[in-house]
Amino acid sequence: MSGEAAEGAAPILEVRDLWAGTGGKTILKGVDLVVRPGEVHAIMGRNGSGKSTLTHVLMGHPAYEVQGGEVRFLGRNLLEMDVTQRARAGLFLAFQYPVAVPGVPVSSFLRTALRSVKGRDVPAREFRRTLQAAFADLGIPDAFASRYLNDGFSGGEKKRLEVLQLRLLEPTLALLDETDSGLDIDALKTVSGGIARSIEAGVSVVLVTHYQRILQYVTPHVVHVFLDGRIVRTGGAELARELESRGYDWLDAPPGTAASGPAGA
Amino acid sequence: MEARNPHDLVGEYRYGFADEDCSVFQTRRGLDEDVVRQISAIKGEPDWMLQFRLDALRMFRERPMPRWGNREILDGIDFDRIVYYVRPADRQGTTWEEVPQGIKDTFERLGIPEAERKFLAGVSAQYESEVVYHSIQDEIEKQGVVFLDMDSGLREHPDLVRRYFGTVIPPNDNKFASLNSAAWSGGTFLYVPKGVHVKIPLQAYFRINRRDMGQFERTLILADEGSSVHYIEGCTAPSYSTDSLHAAVVELIAMKGARIRYTTIQNWSRNVLNLVTKRAVAHEDATVEWVDGNLGSRLTMKYPAIHLVGPRARGEVLSIAFAGAGQHQDAGAKVIHAAPDTTSTITSKSISRDGGRASYRGLVKVHPDAHGAKVSVKCDALLLDEASRSDTYPTMEIACEDASIGHEATVSKVGDDQVFYLRSRGLTEEEATLTIVNGFIEPFVKELPMEYAVELNRLIRLEMSGSVG
Ligand SMILES: Nc1ncnc2c1ncn2[C@@H]1O[C@H](COP(=O)(O)OP(=O)(O)OP(=O)(O)O)[C@@H](O)[C@H]1O
Ligand SMILES: [Mg+2]
C-alpha cells in the first residue's frame, strides 16, 4: 500500500453497513468504507454491482431509499442532509452520465455553482479569468462557455466538464464515477492530470473505475473490489493489476464468506 | 387632456354624450348603441368611424361565442356588467391606496422604486419616460415616422387610418374582434414611411402616460415598402386592472420588402380574461415576427397570425406561455401561405405548474399555388408537476404538394436527474427548477432586448416562488 496520507486522522467519510435500494429492490447490501483526509480510494467491480448506486446514495439522490446503516461526513450525519447541503458541505460527485440541461449556458451554470457551493460571488472579470485558465487546463475550447450544459456534448467532453467542476468547486471529498471511461488516450491524460492536481490540492477521492490505466496517473492508496452491493476485498494498488489480469470470477466466494473482509489475500 | 379632480371620480355617472365638456368619465355598464355613440362622440370621431363601430356592435351581438379555448370561462362572461369606456385622464386619478395589496407586494418584491410602482399601477405619470419619449419622438419624426395613440392617429392621419383600419382584422372576424371594433379605445398607431429603418425598438411604454390603458386597445402598424421597425408592447409589471375582460385587436401590415417585429410580454393580474386578436399581412419579400410572452391572467386566448400574401414573404411566431394555479393559457399561432416561396417558423413553448393548463392551438394553411412554401412548427411543453396539463391542437391544411412541412412536439417533465445534478452543484431545489425553466425558455429570452430579458427572468422567478397576484 502506498503511503497513507493521514493514518490515524479523523475520517472524512465513514460508511457503516449501508443498505439501500429502489422500488423495493435492494442494491447496496452492507457497504463499509472509511476515507481519511488526502486518501485516494479506487473502487472496481462488475457492471451492475451497485457502484454508481453507492455514489448516488452518498450524494442523496431521491430515487433511492436507505434501508440501513450509517454514513458520517466530516463528523456529521450525512443521511440527514439534503443534496444541496451535502454539496455545500464539501461533497462532490462527478457523474458517470452527466445530464444535459438545455438552454443553460455552461459559464452561467458554473458561476452559479461556484456561488452556491462556496457562498461567495466572484466578480465577473475574475470569474472569466478563472474559467479561462480552467478551460485551458482541461483542453476545453473557450466556445464551450456559451454552450448549453452537457447539451449535445460528446462523452469525453462531458467528462472533461465534470473534472473542470471538480477543479473549480474544490470539494473536500470527490466521488468520481467512471470519470476515465470513454476517453481517448490524450483526453485520459488531460483528465487524469486534472484529478491529480485536485488531489495535490488536498481533495480526497473515491474513484470508481473499470481500468487500471487511470491508476498510472492517479495513485490509489486503497483499492476496493465491489461485488453484488458491497466491498468484498480491499488491497493496495497491486490489487487493481491483479483484477486487470484475472477478472472478478476468482473473487466470487461461496455465500456467507464474501462479506468477511480481506479473506484469501 | 387635463386630469380631473380625483374626488369627482368616485361612483358611476351617466351623462348625455352631446355635452363634450361635461364631467363624464366612464360609460355606464353594458354595451348598446347609446354607449357606442357616446364613446365615439367623446372622442369627436368622424362619422365613418361611428358607423364602423355600430356595424361592429351588430356583428358582436349576432356572433356566437367561440366553441374552443375554454368554454366554461367564456360562457361565464357577463357582457352587461362591463364598463366599456373610461376616459384616460380619469384612470390616472386612481389613488395608490386603491391599488390591491397583492400588486403592491409584487412591486415590492420586484424591487421597483416607489415612483415607478405608482406609474405602473396607473396612478401617476412617469416623467422620466416622458423625457425619453420626447427625444425619441423628435428623432423619428424627422424620418417621417408617425407614432401616436390610436385616437390621435385617427385625428391627425384620418386618410391613412381610414384606408387600413380593420382591413387585416375585419370587425366580423370573431366575437371579440367585433367587440373591440365597437368599443375600442387607445392602442397605438404607427406608420413607417418607405425605406425608413427605425433603429431603436419603439415601446408603448414611452408614451404610456398618454396612453389609454384600455381594455379594448386597438393597434395598427403600417410599415411601408422597404422599411423596418421593432415595436414592443406592454410593460412587464402585472397589468393592474379592475376590469376583467381585455379584448385587444392588433393589425400589422408589412408592405413589399418591409420588416416588422412585434414583441409583447404580458403579465396580467389573475382575474383577467385576455382575448386578443393579432394578425399581420406580409407582402412580397416582407418579414413579420411576433414575439409573444404570456404570463398571468385567468384565461388567455391568443393566436398571433400571419398571412403571407406576397412571394418570398417570411413569418415567424415565437411564443411562451406560463400557466400557474387556476390559469389557462390557450395560445398558439396561425400562418397562411398564400404565395410561392413563403416561409414560416412557429416556435411555441409552454410551462405549466401547480395545476395550470397550457394549450397550443395552431393552424398552418398552404394554398394550392404556394409552391415551395416552407413550414416549420415546433411546440415544447414543460410540466413542473403531475397536476399540471398541456395539450396541443395543431391543424395543418396543406393544399400544395411541393410544400415542405416540419412539425415537432415535445412534452417534458422537469426531471429528477436534472434537479439532482444541479443540486449536487449546490443549488437549492427551487434554484435548480428555476434554472431548468429558464433554460427551457432561453430560445425565447434571447430574442428579447436586454431589459425585457432581465425582466422576464425576474417574473418567471416570481411565478416560481409561487405567490404572485
Ligand atoms: N433508479 C434505479 N431504478 C431501478 N434499478 C436501478 C436504479 N439504479 C440502479 N438500479 C439497478 O441497480 C443495479 C446497480 O446499478 P449501478 O448503476 O449502481 O451499477 P454499476 O456498478 O455502477 O454498474 P456499471 O459498472 O455498469 O456502471 C443495476 O442492476 C441497476 O439496473
Ligand atoms: Mg456505474
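Keep in mind it's a predicted model, so treat the numbers as computed, not measured. (Residues numbered from 1 in each chain as written. Chains lettered and ligands numbered in written order. Predicted model: local features only at pLDDT ≥ 70, side-chain atom pairs only at ≥ 80, totals over all residues.)

## As for the overall build of chain B
Logical step 1: Assigned secondary structure in chain B consists of 13 helices and 19 strands.
Logical step 2: In chain B, which comprises 469 residues, the share counted as buried stands at 51%.
Logical step 3: Counted over contacts in chain B with a minimum sequence separation of 6, partners at least 24 positions apart contribute 82%. (Helix = DSSP H or I, 4+ residues; strand = E, 2+ residues; numbered from the N terminus. Buried ≥ 20, exposed ≤ 12 C-beta atoms within 10 Å, placed from the backbone. Contact = placed C-beta atoms within 7 Å.)

## Overview of the overall build of chain A
Logical step 1: Along the backbone of chain A there are seven helices and 12 strands.
Logical step 2: Dimensions of chain A, computed from the C-alpha atoms along their principal axes, are close to 60 × 40 × 35 Å.
Logical step 3: Counting every position in chain A, which comprises 265 residues, the buried fraction comes to 43%.
Logical step 4: Look at the contacts in chain A between residues 6 or more apart in sequence, and 72% of them connect residues 24 or more apart.

## A word on the sheet that holds strand β1 (residues 13-22) of chain A
Residues and elements named next belong to chain A.
Logical step 1: Read across the sheet, four strands follow the order β2-β1-β4-β5 without closing on themselves; strand pairing throughout is antiparallel. In this open sheet, the two edge strands, each paired with only one partner strand, are β2 (25-35) and β5 (76-77).
Logical step 2: Where β1 and β2 come together, eight bridges link them in antiparallel fashion. Along β2, the bridge assignment pairs Val15 with Leu33.
Logical step 3: Taken strand by strand, helix α1 (residues 51-59) contacts β1, β2 and β4 (65-73), and its axis lies near 75 degrees from that of β2. (Pairing = 2+ DSSP bridges. Axes fitted to C-alpha atoms, helices over the stretch in contact; angles between N-to-C directions.)

## Section: the site of ligand 1
Logical step 1: Residues in contact with ligand 1 amount to 13 residues; listed here are only the nearest, Asn47(A), Gly48(A), Lys51(A), Ser52(A) and Thr53(A).
Logical step 2: The biggest single contributor to the shell around ligand 1 is α1(A), with three residues. (Near = placed C-beta within 6 Å.)

## Focus on the interface of chain A and chain B
Logical step 1: In this assembly, 22 residues from chain A lie in contact with 19 residues from chain B.
Logical step 2: Among the secondary structure elements, those contributing two or more residues to the side of chain A that touches chain B are α2 (83-88), β7 (101-105) and α3 (106-118) of chain A.
Logical step 3: Of the residues in the side of chain A that touches chain B, the class split is 15 nonpolar, six polar and one charged. (Nonpolar A, V, L, I, M, F, W, Y, C, P; charged D, E, K, R; others polar.)

## Quick look at helix α13 (residues 450-465) of chain B
An α-helix turns once every 3.6 residues. As a result, residues three or four positions apart point the same way.
Residues and elements named next belong to chain B.
Logical step 1: Spanning 16 residues, α13 covers 23 Å between terminal C-alpha atoms, matching the ideal 22 Å at 1.5 Å per step.
Logical step 2: Taken residue by residue, α13 has Tyr452, Leu456, Leu459, Ile460, Glu463 and Met464 as its buried positions. Buried residues of α13, viewed axially, fall in a sector of 135 degrees; they line one side. Opposite the buried face of α13, at more than 90 degrees from it, the exposed residues are Met450, Glu451 and Ser465.
Logical step 3: Residues of α13 that are buried sit in contact with β8 (259-268), β10 (287-296), β13 (314-323) and α12 (429-445). (Expected span 1.5 Å × (residues − 1). Arc of directions from axis to C-beta.)

## Looking at the nonpolar core
Logical step 1: Counting 188 residues, the largest nonpolar core has Ala183(B), Ala223(B), Leu252(B), Ala254(B), Ile260(B) and Ala280(B) as its most contacted members.
Logical step 2: Contact partners of Ala223(B), with chain neighbours within four places excluded, come to Val192(B), Ser228(B), Val229(B), Ile253(B), Ala254(B), Met255(B), Ala258(B), Arg259(B) and Ile260(B). (Core = buried A, V, L, I, M, F, W, Y, C linked by C-beta atoms within 7 Å.)

## As for α12(B)
Logical step 1: Taking 1.5 Å as the rise per residue, α12(B) with 17 residues should run 24 Å; its terminal C-alpha atoms sit 23 Å apart, in good agreement.
Logical step 2: Of all the bends found along α12(B), the most pronounced is centred on Gly439(B) and spans about 35 degrees, while Pro443(B), a proline, follows it within four residues. (Bend = angle between axes of the 7 residues up to and from the residue.)

## Let's talk about the packing of helix α1 (residues 33-42) of chain B against helix α2 (residues 47-62) of chain B
Residues and elements named next belong to chain B.
Logical step 1: Contact pair α1 / α2: the axes reach a minimum separation of 10 Å and the direction vectors enclose 155 degrees. Relative to α2, the element α1 lies roughly antiparallel. Relative to α2, α1 is oriented so that their crossing is right-handed. Only Met49, Leu50, Arg53, Leu54 and Leu57 of α2 make contact with α1, whose side of the interface consists of Glu33, Val36, Arg37 and Ser40. (Parallel < 35°, antiparallel > 145°, perpendicular 65-115°, else oblique. Left-handed = near helix turned anticlockwise from the far one by under 90°.)

## Brief notes about the sheet that holds strand β3 (residues 202-203) of chain B
The strands making up a sheet are joined through hydrogen bonds of the backbone, oriented either antiparallel or parallel.
Residues and elements named next belong to chain B.
Logical step 1: As summarised here, the arrangement of the eight strands in space is β3-β5-β8-β10-β13-β15-β17-β19, forming an open sheet in which the pairing is parallel. The two strands at the open ends of the sheet, each matched to only one other strand, are β3 and β19 (404-413).
Logical step 2: Two elements, strand β15 (residues 343-352) and strand β17 (residues 374-383), share 10 bridges in a ladder whose sense is parallel. Bridge assignment links Thr345 to a residue of β17, and that residue is Ser376.

## Describing the pairing of β4(A)
Residues and elements named next belong to chain A.
Logical step 1: The sheet contact formed by β1 and β4 spans seven bridges and is antiparallel. Counterpart to Val15 in the pairing with β4 is Val71.
Logical step 2: Direction of pairing for β4 relative to β5: antiparallel, over a ladder of two bridges. Within the sheet, the bridge partner assigned to Arg72 lies in β5 and is Asn77.
Logical step 3: Between the antiparallel neighbours β4 and β5 lie two residues, among them Leu74 with a positive phi of about 50 degrees.

## Considerations on the confidence of the model for chain B
Residue and element names in this part refer to chain B.
Logical step 1: Across chain B, the average pLDDT comes to 81, with 78% of residues at 70 or higher.
Logical step 2: Confidence scores differ between elements of chain B, with helix α4 (residues 88-91) showing the lowest mean pLDDT of 43 and strand β12 (residues 305-308) the highest of 98.
Logical step 3: Predicted confidence for residues 115-132 stays below pLDDT 50, and this span has 36 contacts to residues more than four positions away or in other chains.
Logical step 4: Predicted complex metrics record ipTM = 0.93 and pTM = 0.81. (pLDDT = per-residue confidence, 0-100.)

## Focus: unusual backbone geometry
Logical step 1: Residue Glu178(A) is not a glycine yet carries a positive backbone phi of 50 degrees.
Logical step 2: Along the chain, Glu178(A) turns up in the loop between β9 (173-177) and α6 (185-200).
Logical step 3: One non-glycine residue with positive phi stands out, namely Asp354(B), at about 55 degrees.
Logical step 4: The topology assignment puts Asp354(B) in the loop between β15 and β16 (357-366).

## Observations regarding the packing of helix α11 (residues 416-423) of chain B against α12(B)
All names here are of chain B.
Logical step 1: Closest axis-to-axis distance for the α11/α12 pair is 9 Å, and the angle between their directions is 120 degrees. As summarised for this structure, α11 and α12 are arranged oblique, according to the angle between their axes. Crossing of α11 over α12 shows right-handed handedness. Within the contact between the two elements, α11 uses Gln418, Val419, Leu422 and Arg423 and α12 uses Glu429, Ala432, Thr433, Thr435 and Ile436.
Logical step 2: Grouping the constituent residues of the contact of α11 with α12 by class yields four nonpolar, three polar and two charged.

## Let's talk about the pairing of strand β3 (residues 40-45) of chain A
Residue and element names in this part refer to chain A.
Logical step 1: The buried fraction of β3 is high, at six of six residues.
Logical step 2: Burial along β3 is two-sided: Val40, Ala42 and Met44 and His41, Ile43 and Gly45, pointing in opposite directions, are all buried.
Logical step 3: Two elements, β3 and strand β10 (residues 204-208), share four bridges in a ladder whose sense is parallel. Within β10, the residue paired with Val40 across the bridge is Val205.
Logical step 4: Pairing between β3 and strand β11 (residues 222-227): five bridges, direction parallel. Counterpart to Ala42 in the pairing with β11 is Val223.

## Some details on the environment of Gly426(B)
Logical step 1: Counting through the fold element by element, Gly426(B) comes out in the loop between α11 and α12.
Logical step 2: Residues in contact with Gly426(B), not counting those within four places in the same chain, are Thr84(A), Ala87(A), Arg88(A), Ala113(A), Ser116(A) and Val117(A).

## What about the environment of Tyr360(B)?
All names here are of chain B.
Logical step 1: Along the chain, Tyr360 falls in strand β16.
Logical step 2: Through-space distance from the C-alpha of Tyr360 to that of His246 is 20 Å; in sequence the pair is 114 residues apart.
Logical step 3: Once residues within four sequence positions are removed from consideration, Tyr360 is found in contact with Ala331, Gly332, Ser348, Ser350, Cys379, Thr392 and Tyr393.

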